[in-house]
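# Observations on the three-dimensional arrangement
If you want the building blocks of each chain, they are given just below.
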Amino acid sequence: MVDEDIFEDEPKSKSTDPAPRVKKLYRDTEQKYVAGVSSGPAHYLGIDPLWIRILWVFLTIGSGGGFILLYGLLWILIPKRPPLPKNWICVAKQ
């Protein structure tokens, strides 16, 4: 007879844990007004894109237009989101 309490501190096997999801920053070109630079980070952060757009307006006005250059730079550097599978259902739009 083996006492099961002896093995409680044994490390759990990693094969039962699901693989960790890696969040990636993309430009969301489906919910865009200009280039998707605001909707991509909003999706990444889990907030409404309107808040990011309002932040862009305030920062652009406050910096005298300097954030327009940053917006253009992010447009170039942030990759477009790959197309979603046709059978994928977007619960955010429902």
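Residues numbered from 1 in each chain as written. Predicted model: local features only at pLDDT ≥ 70, side-chain atom pairs only at ≥ 80, totals over all residues. Heavy atoms only, no water.

## Details of the overall build of the protein
Along the backbone of the protein there are 3 helices and 0 strands. Along the protein, helices and strands appear, N-terminal first, in the series α-α-α. Look at the contacts in the protein between residues 6 or more apart in sequence, and 41% of them connect residues 24 or more apart. (Helix = DSSP H or I, 4+ residues; strand = E, 2+ residues; numbered from the N terminus. Contact = heavy atoms within 4.5 Å.)

## Here's the deal with the confidence of the model for the protein
Averaged over all residues, the pLDDT of the protein is 75; the fraction at 70 or higher stands at 72%. Averaged pLDDT values for the elements of the protein fall to 83 in helix H1 (residues 39–45) and rise to 89 in helix H2 (residues 49–62). (pLDDT = per-residue confidence, 0-100.)

## Considerations on the side chain of Ser 39
Tracing the chain through its elements places Ser 39 in helix H1. Once you skip the residues sitting within four places of it in the chain, Ser 39 turns out to touch Asp 28, Gln 31, Lys 32, Pro 49 and Arg 53.

## With respect to the environment of Thr 29
In this fold, Thr 29 is placed in the segment before H1. A relative accessible area of 28% places Thr 29 in the partly exposed class. When residues no more than four places from it in sequence are discounted, the contact partners of Thr 29 are Ala 35 and Lys 80. (Buried < 20%, exposed > 50% of the residue type's maximum accessible area, 1.4 Å probe, protein only.)

## What to know about the packing of H2 against helix H3 (residues 66–77)
Running from N to C, H2 and H3 cross one another at 135°; their axes reach a closest spacing of 8 Å. In terms of their interaxial angle, H2 and H3 are classed as oblique. Contacts from Trp 56, Leu 59 and Thr 60 of H2 reach H3 at Phe 67, Ile 68, Leu 70, Tyr 71 and Leu 74. For the contact of H2 with H3, the class distribution of residues is 7 nonpolar, 1 polar and no charged. (Axes fitted to C-alpha atoms, helices over the stretch in contact; angles between N-to-C directions. Parallel < 35°, antiparallel > 145°, perpendicular 65-115°, else oblique. Nonpolar A, V, L, I, M, F, W, Y, C, P; charged D, E, K, R; others polar.)

## Digging into H2
Note that an α-helix has 3.6 residues per turn; residues three or four places apart therefore point the same way. The end-to-end C-alpha distance of H2, which contains 14 residues, comes to 20 Å, matching closely the 20 Å that a straight helix rising 1.5 Å per residue would cover. As for H2, its buried residues are in contact with H1 and H3. Backbone geometry just after H2 places Gly 64 at a positive phi near 75°. (Expected span 1.5 Å × (residues − 1).)

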